[in-house]
Amino acid sequence: MSASTPPPVVRPPVIETRALEKVYSAGTEAEVVALKGVDLTIAHGEFVAIMGPSGSGKSTLMNLIGCLDTPTGGQYLCDGIDVATLDREQLAELRRDKIGFVFQGFNLLPRMSALENVAMPLGYARVPHDERAGRARDALAAVGLANRGGHRPSELSGGQQQRVAIARALINRPPVLLADEPTGALDTKTGEEILALFKRLCVEGHTVVLITHDPDIAAHADRTMVMRDGELHEEGPFDTRIAQASAGVTP
Ligand SMILES: Nc1ncnc2c1ncn2[C@@H]1O[C@H](COP(=O)(O)OP(=O)(O)O)[C@@H](O)[C@H]1O
Ligand SMILES: [Mg+2]
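Residues numbered from 1 in each chain as written. Chains lettered and ligands numbered in written order. Predicted model: local features only at pLDDT ≥ 70, side-chain atom pairs only at ≥ 80, totals over all residues.

A. How the structure looks around the overall build of the chain. Along the backbone of the chain there are eight helices and 10 strands. Against the compact-globule benchmark of 18 Å for 251 residues, the chain has a radius of gyration of 19 Å, which places it among compact chains. Seen along its three principal axes, the alpha-carbon backbone of the chain occupies a region of about 60 × 50 × 45 Å. Here the chain holds 251 residues, and the buried ones make up 38% of them. A fraction of 69% describes how many contacts in the chain between residues 6 or more apart in sequence connect residues 24 or more apart. (Helix = DSSP H or I, 4+ residues; strand = E, 2+ residues; numbered from the N terminus. Rg over C-alpha atoms; globule rule 2.2 N^0.38 Å. Buried ≥ 20, exposed ≤ 12 C-beta atoms within 10 Å, placed from the backbone. Contact = placed C-beta atoms within 7 Å.)

B. A look at the nonpolar core. Ranked by internal contacts, the top residues of the largest apolar core, which has 63 residues, are Val118, Leu140, Ala167, Leu177, Leu178 and Val209. Broken down by element, the residue count for this core peaks at six residues, all from helix H5 (residues 158-170). When near neighbours in sequence (up to four residues on either side) are disregarded, alanine 167 contacts Val118, Ala139, Leu140, Ala142 and Val143. (Core = buried A, V, L, I, M, F, W, Y, C linked by C-beta atoms within 7 Å.)

C. Layout of the environment of glycine 37. By secondary structure assignment, the location of glycine 37 is in strand E2 (residues 32-42). Taking the C-alpha atoms as reference, glycine 37 lies 18 Å from serine 25; in sequence the two are 12 residues apart. The residues touching glycine 37, leaving out its near neighbours within four places in the chain, are Ala19, Glu21 and Gly74.

D. Here's a closer look at the sheet that holds strand E9 (residues 223-228). An order of E6-E7-E8-E3-E9-E10 is seen for the six strands of this open sheet, with the pairing classed as mixed. At either margin of the open sheet sits one strand with a lone partner, and together these are strand E6 (99-103) and strand E10 (231-234). In this sheet, neighbouring strand axes are inclined to one another by 20° on average, regardless of whether the strands run parallel or antiparallel. Here four bridges tie strand E3 (residues 47-51) to strand E8 (residues 207-211), and the two strands are oriented parallel to one another. What sits directly across from valine 48, in E8, is valine 209. Contacts from H5 reach E6 and strand E7 (176-180) within the one sheet, and its direction differs from that of E6 by about 165°. (Pairing = 2+ DSSP bridges. Axes fitted to C-alpha atoms, helices over the stretch in contact; angles between N-to-C directions.)

E. Structural view of the environment of histidine 151. Mapped onto the fold, histidine 151 is located in the loop between helix H4 (129-142) and H5. Exposure remark for histidine 151: the 16 C-beta atoms within 10 Å place this residue in the partly exposed category. The sequence separation of histidine 151 and proline 175 amounts to 24 residues, and the corresponding C-alpha distance is 28 Å. In this structure, histidine 151 is in contact with Ser113, Ala114 and Leu156, ignoring residues within four places of it in sequence.

F. Seen up close, the pairing of strand E4 (residues 73-78). Bridge count for strand E1 (residues 15-24) against E4 is five bridges, and the pairing is antiparallel. Residue pairing across strands places glutamate 16 opposite leucine 77, the latter belonging to E4. Counted along the chain from E4 to the antiparallel partner strand E5 (residues 81-82), the turn is two residues long, and its residue aspartate 79 has a positive phi close to 55°.

What follows is the structure, encoded as structure tokens:
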């Protein structure tokens, strides 16, 4: 008799790009080939760091993965869905349900309280009004800011503002968190606290893709990749060559 355990459910990679390409201002004098045939596969729950010099295409890749922009070539499958098959509305829904974004500059709305900032995306997700405050309070508590809901961004430290931004990114419970230099504006100690938060989110099942210039931050990732001139290189476990490449040093 065969074992009664069901076969394992095979989940597609949460992020899969095939020969992804981005050319800005194609055919003009201002043409920039920002991404050249990027193949990137990330499984659910991975913590991936992307390094590389300024202008190498890191943010361009992040914007494509986050469906904020469309590629000029190649394919992108988000959680198994080919995003090129989606119309505008479906794409907006995919972005809302699958992706949370965190930026270097926090991008909080200055006139709103921390709680209101965190609750913002719930409006787009059509969550009923009476549920929003409770969800936002839970999200703030999860990043250690239960008692700061009424504060405006200017009344919070940089690290606290980034926590608010992370709570906002997670409010619709997306599986993927994309962070573009999230510790770039923070001091080392605060950056480490934010890193610890990302690591915890990974343990809880999120997938984290983090762009960083800081080799000490990248060293905590499961995998580190380096962008150079629009090409993505997988470097395996972290080592000093990555730090040198990121700093623009040629060995
Ligand atoms: N919207 C845009 N229009 C034209 N060129 C762009 C645009 N965004 C980025 N670029 C160019 O694409 C290249 C990669 O930029 P970017 O992805 O921002 O790099 P990184 O994040 O690694 O610093 C750069 O040469 C940059 O000038
Ligand atoms: Mg950038």
